[in-house]
Structures are given as C-alpha cells and as structure tokens.
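Per-entry structural report
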Amino acid sequence: MTIGEALADATRRLEAARIASPRLTAEVLLSHGLDLDRARLHTRQPQQLPVRSAAAYRAQIERRSAGEPLQYITGVQEFYGRPFRVDRSVLIPRPETEHVVEAVLELAGPDAGPVVDVGTGSGCIGVTLALEIGGSRVVLTDVSRDALRVAKNNARRLGARVTVACMDGLSACRGRVRCVVANPPYVREDEHAGLQREVREHEPRIALVPAGGPGRFYERLIRESRDRLVEGGLLVLEIGFSMETQVRGLFGAEWRLLPTRADLAGIPRVIAARRR
Ligand SMILES: C[S@@+](CC[C@H](N)C(=O)[O-])C[C@H]1O[C@@H](n2cnc3c(N)ncnc32)[C@H](O)[C@@H]1O
C-alpha cells in the first residue's frame, strides 16, 4: 500500500466514524508516525508505506475512530508556541488558556515570582510562565501525582526551572507568594454527561469536575490565595462559559477586581484580582 492509498483509506474510516476533519486527522497521524511534516507527506504519496508503519497507523486510526483525542495518540499539544507532552493523566491544554498566561505576563511584570500554578496538569501555564519570565520562582502544584509527573517531564524537556509539589489546592503552600494562577476544574457534575465524547470518555474526570462543585472550588481557591498572597499580589483564574458573575461575586473587600478578559470567541474567560 502506498502512502497516498493509506491516507485515502484512513480518511474513509474516519469519515465513517464521523470524526471531524477526517483528511487532516489522517495526515497528522501519518506524518507523526513517519516523523515527516505534512508537506513531505504529500510529495511522498506514491511511495510504499512499510508494513510495520501501516499496522501502527491502522491502530492509531482505530483509536481516533473510537473517539480518543488526537493529542493522546500523538502524545503532544502545542501551547504558547511550545510542544507539551500529554497523556491520559492530564487535560489537553486548550488555546483559550493562553489568555491566562497573557494576563499574568501583562499584569505581574518582570518581578512576578514566586508564582504558584495550582492544578498545573501538563504544566502548560506554569512552565510557560517560567520560560517567559526568566528568573522568577515558579511552583507547579496538583493533587494528582500522575499529572505532576507529566508536568515535571515537560519542564525538564523545555528547559524550565520550576519546583513541583503535590497538594490539595494551596493547602501545603508555605510563605508568601506574589502570584497565584489556576485553570481550575470547572464542570458541574450534572454537565459531565453532556460533554463531547472525546472529553467525557478520555480526559481525566478530576481535571474537569471538582469535588463539591465549581463554586466551592473557586471560593476555596480565592480564600487560600488571600491568605498567601503579598499585598498587591495577583490572582488570575480561568473561568468556564457563563461563570463570570458567579466567580466575580466570590471576591470580598480584600480584593481589587480587574476587568474580565474575553477569549477569541468573545467569551469572558479570565478573571484577575489584586490582594489589597
Ligand atoms: C482544568 S485542569 C487544568 C490543567 C492545566 N493547568 C491546564 O490549564 O491545561 C485542572 C487541574 O486541577 C487538578 N486538580 C483537581 N482538583 C484539585 C485540587 N483539589 N487541588 C489541586 N489540584 C487539583 C487536576 O488534577 C487538573 O490537573
């Protein structure tokens, strides 16, 4: 079978499984498997696909047809221009989370640290901040040890100097920090069943649905941040669709709320506040 035939066959299978962008998916998976960029893949369409590569490719197409996200199959997702390794123990970094990074970079200034990234997952927020604000101390925390293993690996591969700590919220955070940042789990228990299959069946539930509900999670994070931030310190939080009023309402008189930032779709996405 040639590369061109393999691509056509995979596209048909993905189409039959109702996977979005079947041709693009087929090309991304084969270029990943053969370690070729997509332009090269096109020029090599008449070449034979080695039998072993064909078997591995077919298995990957089956995984994607069964609803597994592309990024868990390739093991990588780009975030803020850098490749982050991902596996099923972490949420796949989302483009809208880049607005959280941008908010910290704009508001915290060059002397941002110590920064704590709560619920770091793949480490995408904290590792990016450590690389973008050289010299600032960044601590990556998560309640999931498996997620921290992925975050630590990403920090090492990308050359970021960070500290990693397993904890629930900010419970084990000692000393004062200048910035707390988080993209918390913010899906309600009753919303989980209605999520896209890729998310519902494959992404870790702990990264999506917080114990006790999103309201309690945000309320606790704001309270714990209040107790650990220096005067003028910054709290930056990602929020889910239509959560702006609820989450802004959780900040008390100890805070000076900054304007909410919207994502590229115009959805209010990032809430920032300074500790008075
Ligand atoms: C929405 S994911 C965000 C991951 C990553 N920061 C990102 O933006 O892609 C939420 C993360 O919070 C972690 N988490 C859930 N409950 C937690 C808790 N009580 N304390 C600390 N981390 C928690 C999950 O393991 C998960 O990695």
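Computed from a predicted structure; not experimentally measured.

Glancing now at unusual backbone geometry. Located in the positive-phi region is Asp 35, a residue other than glycine, with phi close to 55 degrees. Counting through the fold element by element, Asp 35 comes out in the loop between helix 2 (22-34) and helix 3 (38-43).

Attention shifts here to the pattern of salt bridges. Scanning all chains against the criterion turns up 21 salt bridges. The closest approach of N and O atoms between Glu 219 and Arg 223, which form a salt bridge, is 3.3 Å. Here the residue Glu 219 and the residue Arg 223 both occupy positions in helix 11 (residues 214-228), the gap between them amounting to four residues, near one helical turn. The partly exposed category is assigned to Arg 223, whose relative accessible area is 36%. The residue Arg 269 makes a salt bridge to Asp 263 at a minimum N-O spacing of 3.0 Å. Both residues of the pair, Arg 269 and Asp 263, count as buried. One connected set of salt bridges, linked through shared partners, spans Asp 9, Arg 12 and Arg 13.

Turning our eyes to something else, we now look at the domain arrangement of the chain. Here the chain is described as being made up of domain 1 (3-66) and domain 2 (76-275). The C-alpha-based centres of domain 1 and domain 2 are spaced at 35 Å.

As a matter of local geometry, the ligand sits amid 19 residues, with Gly 119, Asp 142, Asp 168, Gly 169 and Asn 183 nearest to it. With respect to the ligand, the backbone of Val 143 contributes an N or O atom lying 3.4 Å from a nitrogen atom. In the model, an oxygen atom of the ligand is placed 2.9 Å from a nitrogen or oxygen of the Asn 183 side chain. Alone, the ligand offers 600 Å² of accessible surface; in the complex the protein occludes 95% of this. Across the shell around the ligand, the residue classes break down as 10 nonpolar, seven polar and two charged.

Two elements in contact, helix 1 (residues 3-16) and helix 4 (residues 51-65), have axes separated by 10 Å at closest approach and are oriented at 20 degrees. As summarised for this structure, helix 1 and helix 4 are arranged roughly parallel, according to the angle between their axes. The crossing of helix 1 and helix 4 is right-handed. Here Ala 6, Leu 7, Asp 9, Ala 10, Arg 13 and Leu 14 of helix 1 lie close against helix 4, whose contacting residues are Tyr 57, Arg 58, Ile 61, Arg 64 and Ser 65.

The subject of this paragraph is the environment of Leu 258. In this structure, Leu 258 sits in the loop between strand 8 (255-257) and strand 9 (261-262). According to the relative accessible area criterion, Leu 258 is buried, its value standing at 12%. Contact partners of Leu 258, with chain neighbours within four places excluded, come to Leu 107, Leu 234, Arg 248, Ala 272, Ala 273 and Arg 274.

This structure, assessed with the given rule, holds two aromatic pairs. A ring pair is formed by Phe 79 and Phe 84, whose centres lie 6.1 Å apart and whose planes are at 90 degrees; its orientation type is edge-to-face. A centroid spacing of 5.4 Å and a plane angle of 85 degrees characterise the contact between Phe 251 and Trp 255, whose relative ring orientation is edge-to-face. Classification of Phe 251 as buried rests on a relative accessible area of 9%.

With that settled, the discussion passes to the side chain of Asp 9. Tracing the backbone shows Asp 9 in helix 1. For Asp 9, the residues in contact, after removing those within four places along its chain, are Met 1 and Arg 58.

On to the pairing of strand 10 (residues 268-275). Strand 10 sits mainly inside the fold: six of its eight residues count as buried. Note: strand 7 (residues 229-238) against strand 10, five bridges, orientation antiparallel. In the sheet register, Leu 237 faces strand 10, and the bridge partner there is Ile 271. Of the strand pairs in this sheet, strand 8 and strand 10 are connected by three bridges, and their pairing is antiparallel.

This part covers the nonpolar core. For soluble globular proteins, the rule of thumb is that nonpolar side chains tend to be buried together. Val 115, Ile 125, Leu 129, Val 181 and Val 236 are the most contacted members of the largest nonpolar core, which has 26 residues in total. Per-element accounting of this core gives the leading share, five residues, to helix 7 (residues 124-132).

Rules used throughout
Residues numbered from 1 in each chain as written. Predicted model: local features only at pLDDT ≥ 70, side-chain atom pairs only at ≥ 80, totals over all residues. Heavy atoms only, no water. Helix = DSSP H or I, 4+ residues; strand = E, 2+ residues; numbered from the N terminus. Salt bridge = Lys/Arg side-chain N within 4 Å of Asp/Glu carboxyl O. Buried < 20%, exposed > 50% of the residue type's maximum accessible area, 1.4 Å probe, protein only. Domains from an automatic or database assignment. Near = heavy atom within 4 Å. Polar contact = N/O pair within 3.5 Å; in protein donor to acceptor, adjacent residues only side chain to side chain. Areas by Shrake-Rupley, 256 points an atom, 1.4 Å probe, with all protein chains shown as cover. Nonpolar A, V, L, I, M, F, W, Y, C, P; charged D, E, K, R; others polar. Axes fitted to C-alpha atoms, helices over the stretch in contact; angles between N-to-C directions. Parallel < 35°, antiparallel > 145°, perpendicular 65-115°, else oblique. Left-handed = near helix turned anticlockwise from the far one by under 90°. Contact = heavy atoms within 4.5 Å. Phe/Tyr/Trp six-rings, centres within 6.5 Å; stacked < 30°, edge-to-face > 60°. Pairing = 2+ DSSP bridges. Core = buried A, V, L, I, M, F, W, Y, C linked by side-chain atoms within 4.5 Å.

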